[in-house]
Structures are given as structure tokens and as C-alpha cells.
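Listed here are the chains, written in short residue letters.
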Amino acid sequence: MNIESGHDADVIIVGAGLSGMTAAKDLAAAGQSVLVFDGKDRVGGRTWCDPSYPEGAIDFGGMFVGTTHSRSTALGLEMGLELVRARPEGAAVWDLGGTPLTAPDGYPERVLEDGTSLKDALAAAFAEVDRIAAEIGKDDPWNAPRAAELDAMTMQGWLDATVADPLARRIVGADVSIITGVDPSEISALFFAFYVAQCEDMHALQVTSNTLLWKGGAGQIADRIADRIGRSRLRLSEPVIAIDHAEDGATVTTMQGSYRARRLILALPPSAAAQIRFSPELPDARRQINRRTNFGRYMKLQIRFDRQFWLDKGLSGEIFSLNPGFFSLDVTRPDDAQATLVVFIGASAYDAWHGKGEEARRVEMLDALARCLGPDAMTPAAYVETPWNEVPFTMGGPVCHMPPGLLSTAGPALRAPIGAIHFAGTEAAPNWTGYMEGAVQSGEAAAAAIKATLKTGEPA
Ligand SMILES: Cc1cc2nc3c(=O)[nH]c(=O)nc-3n(C[C@H](O)[C@H](O)[C@H](O)COP(=O)(O)OP(=O)(O)OC[C@H]3O[C@@H](n4cnc5c(N)ncnc54)[C@H](O)[C@@H]3O)c2cc1C
């Protein structure tokens, strides 16, 4: 600590996820001293991988990189990583009840009760989602003319009013759950429209955001930043429990001590910020964001097989299932010794499936895969569950969502600094909220804002 100035660092960063580590890297490169705190015993937060996992690296958290994720791609490449392709060619399987359907590209076809086409109904429904997203926009959704109207309803309410066919409605609702980890009845229609606008459109969310993988795993990015800035700058297994703040600095308190800096970045999901005591209390709008924004319920499964047997049948390994509700993709990397399907299951589909207990849910999942891909799915080589609801200091996944009535009223507080406190984390991102790209962009934005106000060379 610099005794003269009474500061332990120029900038304290709370949260060593991709966002906090990006900010730490940028600030350190600009000559600012940083200290990064995390409750976990590792960096990376929602990115977390094991590059030397038997038969091929494994990502327990965020893994896919989108074709337009330019900032996170640049960062990963700068850290010496290599991108590889996921999602082999082939048809997707849609298990909607009855015999599973295959769709060579896009949505599946089935004749609906009224004689119309499911494919057309889905295309129309997702186009409507895109339309409200474009109307709301990604920057200041609270100022949109229909902000209050859309924020007064849940996404389920919006679907009930907009999508006539019950099956199409159920499919769009299940997609909302796969993306956010909550049921459409739990999430504000305004917030979901904002989320889609942040992530370009539904096609980007469904396809182009899930096309590339980091060789060895995405968690390596934060780890390599830790090596670059120096691990002495990290305080791991040291959760921040209190923050005293003013215009000219902030002090964080942990079980081990107190640390002072001229600026502070909260690189956390709002639900984690809600666990911290602030003095003085944060303004009401920011408090509302912290306390009413929450994670979904989410399980990430990785199921390994000796080979990509689904490719023999012209299938890509992609499954959209209502039975139980889940989504799977083939994430086998070129050098892997085994094939891997990743399966996401969230919201009430997760609740019902997870509640059955470990053995019963494994049997149900393998049965569901076998129905879609064939009997070889019954005999995996490995079956790895990552229950994000139980991961300390995260306790949910994949992203935080807002219930009705919050974004239209408290939204402007999502990114606005408060004195010495700056907000980062993917939930505060300028683009691609909820994704690694959003985490990187929010970390870069917070670091840039601090660099603009804090002169290098002042005593720390
Ligand atoms: C299962 C899953 C799959 C995903 N898949 C993808 C994907 O394929 N592609 C993609 O782009 N994104 C994906 N995501 C999302 C992506 O991982 C996140 O958007 C991104 O990693 C968030 O980074 P962050 O730094 O903003 O937040 P986090 O990674 O959540 O970092 C916040 C950190 O703060 C720490 N913390 C919390 N409370 C405290 C405290 N009091 N004191 C100190 N530290 C604290 C936490 O331990 C955590 O490390 C996925 C997420 C999950 C969970």
C-alpha cells in the first residue's frame, strides 16, 4: 500500500470474471495499479474450463463464440488462443411430441390443427420477436414509446396475445427458457425484447452466436490475463462484503481486511451486487436493479461418446426438445478423442427434470437423446453435469433477467456510474448482454471511462 496517499490500488475490481479481468488488463496496460477480488478460488467466473480434461477440453460455463463477437474474439486471439468450429453440418432434430421431426435447415415442418404450417407459424412468431426488439432497441429501451406497455406484461402474456397456435407458442416459450433460464411467465416482455436487440436478432441468438469454440476452453482467457497482470494483483477466495464509497474513492471490506482505491469497478451480475452492503446506500433505482434482477435456473450437461454417431444419419447433433425441454449441440473439437454433445436445460423444465434425482434424470435425458439420435445415445462414455444453481458466488445461470416493471423504471441505473463506482459485467454491457462478448465490452467500457478521468502517474 502507498502509505502517503492511503490507496492500495488505483482501481479495485470486484469480480474476476471475463469482464473484471478485461478491465484489469486494460487498466494495467495503461499504467494503473489494480486489485481484483473474487469469492471463488479461481478467475473466470461464468467461464470455467479444464483444458486437460480426459479425451478433450471441457467448458463448464460459457463456451460458444459468435461470428460477430469481435471484441471477445480479439481478446482471445491476443491471449494466444485459437478458434475452432462447432456445429457440424447436418439436420437438427425437433422432439415436439410424437415422432421427432428432422429439419435440414431452419424450423421443422408439421401441419397444424387448422391446416397451416408450423414452419410458417414459427418464422412469423420469431419475426414478431425481432420486430419488438428493433422497436425497443439496445441502448435506452426505457425511452421507447411502448416501454411501459411491454414492461407491464410478461413474455408469456406477450406470446398469448401474439402467437395464435399453441404449439408454436410453446416452442417460442421454450426457446426463451433456453436462452435465459427462466419461463416466459417470469420475464418482462420489454426486457426480453431489449435482450434480443442487444444480441442483434433471434437468428443471431439461435445460430450465429453458437458457431465457434476456443481450443482448450474459454476459461483460459481470464487465466491468461491473470498471468499477464500478475497473480499478486488477485485476491481470490476473498468475497467483498461491504463497500464504502464517495466521489473520490472507495473502500472494500472483506473477511481479511479493508482496501482503498481511487475508483472501483463492480464487474458482477446485479444479483451478486445485492449481497454487498453499501455505505452510503446506493440510489434507489440501482438498489432495485440489484435486488429484483436475478439468475435463471440452469444445468449444463456434457455427454461424451466414442464417436459422432449421429453424423452417420445426416444429423448434426442439434436437438430442440419439449420432452423434457432442452437444447443440444455437437461441441466436438477437431483434436478431441471423444465426441461431445452439450445439453442446456433451464427454468421449469429444469425444475421438473432435476427434481427427479440424479439417476432418474440421467436415464430420462439419455432416453430423450436416443429418441432423437438413435440407441447409441444410451451408452455414453462420460456424463458431466454442471449445476450452475449450486456454483458459489453465481448461484444460477446463464444470465440475469428482469421481471416486469423494472427495466422501464430503473433501467437508466443499469450502467450509470455512481461517484467512484463504475458498473461492468455482461448484464451492464453495451452489446451482447448475457454473453462473453458483453462481458468483454462492459469491461472495456468501464476501463475506458476510468482511464478518461484518472491520470496515470498520480500517486496511488
Ligand atoms: C452454463 C452457461 C453457459 C453459457 N454459455 C455461453 C456461451 O456459450 N457463450 C457466451 O458467450 N456466453 C455464455 N454464457 C454466459 C457467459 O459465460 C457470461 O456472460 C460471462 O462469462 C459473464 O462474465 P462476467 O465477468 O460479466 O460475470 P461473471 O463471470 O459472473 O463474473 C462475476 C464474478 O464475480 C464474483 N463475485 C460474486 N460476488 C462476489 C463478491 N461479493 N465478491 C467478490 N467476487 C464476487 C463471481 O464469483 C464471479 O467470478 C454461459 C453462462 C453459463 C452459466
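Residues numbered from 1 in each chain as written. Predicted model: local features only at pLDDT ≥ 70, side-chain atom pairs only at ≥ 80, totals over all residues. Heavy atoms only, no water.

Re the site of the ligand
Consideration 1: The environment of the ligand is formed by 35 residues, the closest being Asp 38, Arg 46, Phe 64, Thr 426 and Met 436.
Consideration 2: Within the backbone of Leu 18, a nitrogen or oxygen atom sits 3.2 Å from an oxygen atom of the ligand.
Consideration 3: Contact distances for the ligand include 2.6 Å between an oxygen atom and a side-chain N or O atom of Asp 38.
Consideration 4: Look at the ligand: alone it shows 1000 Å² of surface, and the protein chains cover 97% of it.
Consideration 5: When contributions to the shell around the ligand are tallied by element, the ones reaching two or more residues are helix H1 (18-29), strand E16 (298-305) and helix H15 (436-453).
Consideration 6: Taken together, the residues of the shell around the ligand sort by class into 19 nonpolar, 12 polar and four charged. (Near = heavy atom within 4 Å. Polar contact = N/O pair within 3.5 Å; in protein donor to acceptor, adjacent residues only side chain to side chain. Areas by Shrake-Rupley, 256 points an atom, 1.4 Å probe, with all protein chains shown as cover. Helix = DSSP H or I, 4+ residues; strand = E, 2+ residues; numbered from the N terminus. Nonpolar A, V, L, I, M, F, W, Y, C, P; charged D, E, K, R; others polar.)

Some thoughts on helix H12 (residues 347-354)
Consideration 1: Listing the buried residues of H12 in full gives Ala 347, Tyr 350 and Trp 353. For H12, the arc enclosing every buried residue in end-on projection is 120°, short of the 170-degree limit, so these residues lie on one face.
Consideration 2: Lining the buried residues of H12 we find helix H6 (166-180), E16, strand E19 (339-346), helix H13 (358-373) and strand E20 (382-387). (Buried < 20%, exposed > 50% of the residue type's maximum accessible area, 1.4 Å probe, protein only. Arc of directions from axis to C-beta. Contact = heavy atoms within 4.5 Å.)

Some words on the pairing of strand E7 (residues 91-95)
Consideration 1: A large share of E7 lies buried, amounting to five of its five residues.
Consideration 2: On E7, burial covers both faces: Ala 91, Val 93 and Asp 95 on one face and Ala 92 and Trp 94 on the other are all buried.
Consideration 3: In terms of strand pairing, E7 meets strand E17 (residues 315-322) through four bridges, oriented parallel. Across the sheet, residue Asp 95 finds its bridge partner in E17, namely Ser 321.
Consideration 4: Across three bridges, the pairing between E7 and strand E8 (residues 101-103) is antiparallel. If you follow Val 93 over to E8, its bridge partner there is Thr 102.
Consideration 5: In this structure, the hairpin formed by E7 and E8 is closed by a connection of five residues, where Gly 97 is found at a positive phi of approximately 100°. (Pairing = 2+ DSSP bridges.)

What about the environment of Asp 330?
Consideration 1: In this fold, Asp 330 is placed in strand E18 (residues 325-330).
Consideration 2: Sequence-wise, Asp 330 and Arg 87 are 243 residues apart; in three dimensions their C-alpha atoms are separated by 5.5 Å.
Consideration 3: The residues contacting Asp 330, other than those within four sequence positions of it, are Ala 86, Arg 87, Pro 88, Gln 308, Trp 310, Ser 316, Gly 317, Thr 340 and Leu 341.

Interpretation note: all reported values are geometric properties and have no functional meaning in isolation.
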